[in-house]
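Tertiary structure, described
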Amino acid sequence: QKEVEQDPGPLSVPEGAIVSLNCTYSNSAFQYFMWYRQYSRKGPELLMYTYSSGNKEDGRFTAQVDKSSKYISLFIRDSQPSDSATYLCAMSVTGGYNKLIFGAGTRLAVHP
Amino acid sequence: NAGVTQTPKFQVLKTGQSMTLQCAQDMNHNSMYWYRQDPGMGLRLIYYSASEGTTDKGEVPNGYNVSRLNKREFSLRLESAAPSQTSVYFCASQRGGLARETQYFGPGTRLLVL
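As a starting point, this report considers the structure included with it.

Definitions and limits used
- Residues numbered from 1 in each chain as written.
- Chains lettered and ligands numbered in written order.
- Predicted model: local features only at pLDDT ≥ 70, side-chain atom pairs only at ≥ 80, totals over all residues.
- Heavy atoms only, no water.
- Contact = heavy atoms within 4.5 Å.
- Buried area = accessible area lost by both parts, 1.4 Å probe.
- Salt bridge = Lys/Arg side-chain N within 4 Å of Asp/Glu carboxyl O.
- Polar contact = N/O pair within 3.5 Å; in protein donor to acceptor, adjacent residues only side chain to side chain.
- Helix = DSSP H or I, 4+ residues; strand = E, 2+ residues; numbered from the N terminus.
- Disulfide = S-S within 2.5 Å.
- Pairing = 2+ DSSP bridges.
- Patch = residues over 30% accessible without salt bridge, like charges linked within 9 Å, V, L, I, M, F, W, Y side chains within 5 Å.
- Areas by Shrake-Rupley, 256 points an atom, 1.4 Å probe, with all protein chains shown as cover.
- Buried < 20%, exposed > 50% of the residue type's maximum accessible area, 1.4 Å probe, protein only.

Let's talk about the interface of chain B and chain A
Taken together, the contact between chain B and chain A spans 22 residues of the former and 18 residues of the latter. Between chain B and chain A, the buried area comes to about 1,700 Å², and carbon and sulfur atoms account for 59% of it. Taken as a group, B:Leu43, B:Ala99 and B:Arg110 account for 30% of the area that chain B buries against chain A, more than any other trio of residues on that side. For the interface between chain B and chain A, the tally reads zero salt bridges. The interface formed by chain B and chain A holds two residue pairs in polar contact (both at pLDDT 80 or more) in total. Listing elements by their share of the side of chain B that touches chain A, those giving two or more residues are strand 4 (31-38), strand 5 (42-49), strand 9 (87-94) and strand 10 (103-105) of chain B. With four residues, the single largest contributor to the side of chain B that touches chain A is strand 5 of chain B.

Set out below in structure tokens:
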């Protein structure tokens, strides 16, 4: 069983929809949680960073961490075609980049 | 600023051949990383360099070597390529080494080993 599980999709939604992307994990020691966005044929870019449990909001994006359920989510409000990308979750016990464990990524398509 | 650059963009190798993937960053970052990305597997760390002159193994180092040539450049070498090394390789750099800091990725090198 992988330490981090993520549904690969693809997920197809109409413009303006609320999108929910999720990851589950098995290691209860994870403390640092991240979401990356990767456009086709590009490198990933850091979208959101959360430490421990709770919510974090940045514009149209909200990251949630539920450590009791070992479940993290990324919500995208008012989705736009420019949000079409692969979204990868990543997590770490120590907070160091040399110890990041990535999910496989969920491909999202937002159609006009 | 060019950010993180990688060469080549695409390469085809035969089993047993060797090659070096080049990476350079112009952001004066201390940390640099090499990842591979395979379908259904996410990104996996091959090697990293926390600072000039230091390198260390990541999650999947077997079959690879690295050199931190100077602060700007971090190369990845495949001594004897195998079909299992067919992948997309990303180099990344970061000012420090903490997960909350932005990590900047290059455009990737697509490698096919026949």
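Digging into the state of the cysteines
A covalent bond between the sulfur atoms of two cysteines is referred to as a disulfide. All names here are of chain B. One pass over the full model with this rule turns up two disulfides over all chains. Cysteine 23 shares a disulfide with cysteine 91; S-S distance 1.8 Å. Here cysteine 23 and cysteine 91 share a disulfide; its torsion about the S-S bond, -70 degrees, makes the bridge left-handed. In this pair, cysteine 23 sits in strand 3 (residues 19-25) while cysteine 91 sits in strand 9, placing the two residues 68 residues apart along the sequence.

Description of unusual backbone geometry
For the peptide bond that leads from A:Gly9 to A:Pro10, omega is 10 degrees, which places it in the cis range. You can see A:Pro10 is positioned in the loop between strand 1 (4-5) and strand 2 (11-14). B:Thr7 connects to B:Pro8 through a cis peptide bond whose omega is -5 degrees. In this fold, B:Pro8 is placed in the loop between strand 1 (4-7) and strand 2 (10-13).

Here we look at the sheet that holds strand 1 of chain A
Residue and element names in this part refer to chain A. Taking strand neighbours across the sheet as the criterion, the five strands line up as 1-3-8-7-6 in an open arrangement whose pairing is antiparallel. Every interior strand has two partners, whereas the edge strands, strand 1 and strand 6 (54-58), have only one. Where strand 3 (residues 19-25) meets strand 8 (residues 71-76), six bridges bridge the pair, whose relative direction is antiparallel. Opposite asparagine 22, over in strand 8, you have serine 73 as the bridge partner.

Section: a nonpolar patch on the surface
Together, B:Phe10, B:Val12, B:Leu112 and B:Leu114 make up an exposed nonpolar region whose accessible area comes to about 370 Å². Inspection of the secondary structure puts B:Phe10 in strand 2.

Notes on the pairing of strand 3 of chain A
Residue and element names in this part refer to chain A. Of the two faces of strand 3, only the one carrying Val19, Leu21, Cys23 and Tyr25 is buried; Ser20, Asn22 and Thr24 on the other face are not. Sheet analysis places strand 1 next to strand 3, joined by two bridges and oriented antiparallel. For valine 4, the partnering residue across the bridge sits in strand 3 and is tyrosine 25.

Focus: the pattern of salt bridges
According to the stated counting rule, one finds seven salt bridges over all chains in the structure shown. A salt bridge links A:Arg77 to A:Glu57, with the nearest nitrogen and oxygen atoms 3.4 Å apart. Within this pair, whereas A:Arg77 is found in the loop between strand 8 and strand 9 (85-92), its partner A:Glu57 is found in strand 6, the two being separated by 20 residues in sequence. Relative accessible area serves as the criterion here: at 59%, A:Glu57 is assigned to the exposed category. Of the charged contacts in the structure, one is a salt bridge between B:Arg77 and B:Glu79, with a shortest N-O distance of 3.1 Å. For B:Arg77, a relative accessible area of 29% translates into the label partly exposed. Residues participating in the shared-partner salt-bridge network are B:Arg36, B:Asp38 and B:Arg44.

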